[in-house]
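Report on the structure
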Amino acid sequence: ELFELADEIGAAVASRLSAPRREPTRGAVDRRATELYLRARRAYHDFWHADAARAVGLFTQALALAPNDGVILAGYALACVRLANFTGQAMDRAREAVQRASAIEPDLPEVHLARASLLVQDGDPANAVRSLKRALARSPALGEANWLLGRVLVEADVIEAGMKRLEWSLAIEPGLHLARRDLSRANALLGRFDEFERLAAADPERDGPGVWLDRARFAVWRGRRESAVAQLDALARTMGGDRPIDP
């Protein structure tokens, strides 16, 4: 079913690209709210637990200035979902934000993306893909929607189709570090570890904790215990740990 939905998305995107472009009409947004939104998005893309918490805080400040802005509400929901991924909390806030955003700007692609992220976290990938279909039909170049679709397809073992989406997302938005990591993981799942190493070497975040964690995981997959421990030691140092991780 996911594979069929992905084909439908491709057809919808092609149709949308050939149609005259129409942007949603949005009112003026407070300049301070816009600045806070942009800072929140940067923190959100940094991904780690503290970054997600910081993003939620910045989005909260932006919403205090622009409480009915659908884009800011959608960004807030995405940040809450990411924070919940680390802590198990904030999902109720994400649901409320998606509901509010849907009532205010139901056709906004970012709103459909936020709903898809919420559904993925809830363990409902089929409906998540349906929401991504709506997002991409409205905005084919929405990089994060292409990334999330690629991730879901890889998780569903539709790996080659998922990799194409991940590659597309990176072509649209090269700063999507999670898309690059998911593409690396997809290559590792297919046994293409040389390609993983190439992607890791080209990653601007190659010295960040995410890449070290991936290296450790893939070393375990290959039965290389000593290498895995060394990568985990590097991860501990990156995260400020004073001692190697006990194997």
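Structure's up top.
Here goes a summary of the coordinates provided. Everything numeric here is computed off the predicted structure, so don't read it as measured data. Residue indices begin from 1 for each chain and proceed along its sequence in written order. Thresholds applied to this predicted model are a pLDDT of at least 70 for local features of residues and 80 or more for the giving and counting of side-chain atom pairs; totals over whole chains, interfaces and linings are not thresholded and use all residues. By convention in this description, side-chain values take in all heavy atoms of the structure and omit both hydrogens and water.

1. With respect to the environment of D233
Within the secondary structure layout, D233 lies in helix α13 (residues 225-238). Distance in space between the C-alpha atoms of D233 and A216 is 9.5 Å, their sequence separation being 17 residues. A run of H or I in DSSP counts as a helix once it spans at least four residues, and a run of E counts as a strand once it spans at least two, with each numbered from the N terminus.

2. Considering a nonpolar patch on the surface
Note on patches: the residues involved have over 30% relative accessible area and no salt bridge, like charges join within 9 Å, and the nonpolar side chains Val, Leu, Ile, Met, Phe, Trp and Tyr join within 5 Å. Using a 1.4 Å probe, accessible areas were evaluated by the Shrake-Rupley method; residue-level cover was limited to the displayed protein chains. Throughout this description, the term salt bridge denotes a Lys or Arg side-chain nitrogen within 4 Å of a carboxyl oxygen of Asp or Glu. On the surface, L189, L190, V220 and W221 cluster together to form a nonpolar patch covering roughly 370 Å² of accessible area. Using a relative accessible area of 43% as the deciding quantity, one classes L189 as partly exposed. The buried label goes to any residue with under 20% of its type's maximum accessible area, the exposed label to any with over 50%, and the partly exposed label to all in between, with areas taken from a 1.4 Å probe on protein chains only.

3. Observations concerning helix α3 (residues 49-65)
Between the first and last C-alpha of α3 there are 25 Å, a value that for 17 residues agrees with the 24 Å anticipated at 1.5 Å per step. Taken residue by residue, α3 has D51, A52, A55, V56, L58, F59, A62 and L63 as its buried positions. Between the first and last residue of a helix there are one fewer steps than residues, each counted as 1.5 Å, and that sum is the expected span.

4. Here's the deal with the packing of helix α2 (residues 31-46) against α3
One can describe the packing of α2 onto α3 by two numbers: an axis separation of 8 Å at closest approach and a directional angle of 165°. Considered as vectors, α2 and α3 are oriented roughly antiparallel to each other. Between α2 and α3 lies a crossing whose hand is left-handed. Together, R32, A33, L36, Y37, R39, A40, R41, A43, Y44 and D46 of α2 and D51, R54, A55, L58, F59, Q61, A62 and L65 of α3 make up the contact between the two elements. Side-chain classes are defined by residue name, with Ala, Val, Leu, Ile, Met, Phe, Trp, Tyr, Cys and Pro counting as nonpolar, Asp, Glu, Lys and Arg as charged, and the others, Gly among them, as polar. When grouped by side-chain class, the residues that make up the contact of α2 with α3 number 11 nonpolar, one polar and six charged. Helix axes use the C-alpha atoms of the stretch in contact, all axes being lines fitted to C-alpha atoms, and the angles between their N-to-C directions lie in the range 0 to 180 degrees. Here the word oblique covers every angle except those under 35 degrees (roughly parallel), over 145 (roughly antiparallel) and from 65 to 115 (roughly perpendicular). Should the near helix be turned anticlockwise from the far one by less than a right angle, the crossing is termed left-handed; should it be turned clockwise, right-handed. By the convention used here, residues are in contact when the closest approach between their heavy atoms is within 4.5 Å.

5. Focus on the packing of aromatic side chains
Here the aromatic set is Phe, Tyr and Trp, taking the six-membered ring for Trp, and pairing holds for ring centres within 6.5 Å; pairs whose planes are under 30 degrees apart are stacked, those over 60 apart are edge-to-face, and all others are tilted. By the definition in use, this model includes four aromatic pairs. Centroid distance W48 to F86: 6.2 Å. Interplanar angle 55°. Geometry classified as tilted. Pair noted here: W48 is in the loop between α2 and α3 and F86 is in helix α4 (residues 70-87), with a separation of 38 residues, a long-range link. Given a relative accessible area of 22%, W48 falls into the partly exposed group.

6. Quick notes on the nonpolar core
What is meant by a nonpolar core is a set of buried Ala, Val, Leu, Ile, Met, Phe, Trp, Tyr and Cys residues, joined one to another through side-chain atoms within 4.5 Å. One finds F59, I72, Y76, L113, L132, A145 and W147 to be the most contacted residues of the largest nonpolar core, which totals 64 residues. Residue contributions to this core peak at 12 residues, all from α4. Setting aside residues up to four positions removed in sequence, A145 forms contacts with L113, L132, A135 and L136.

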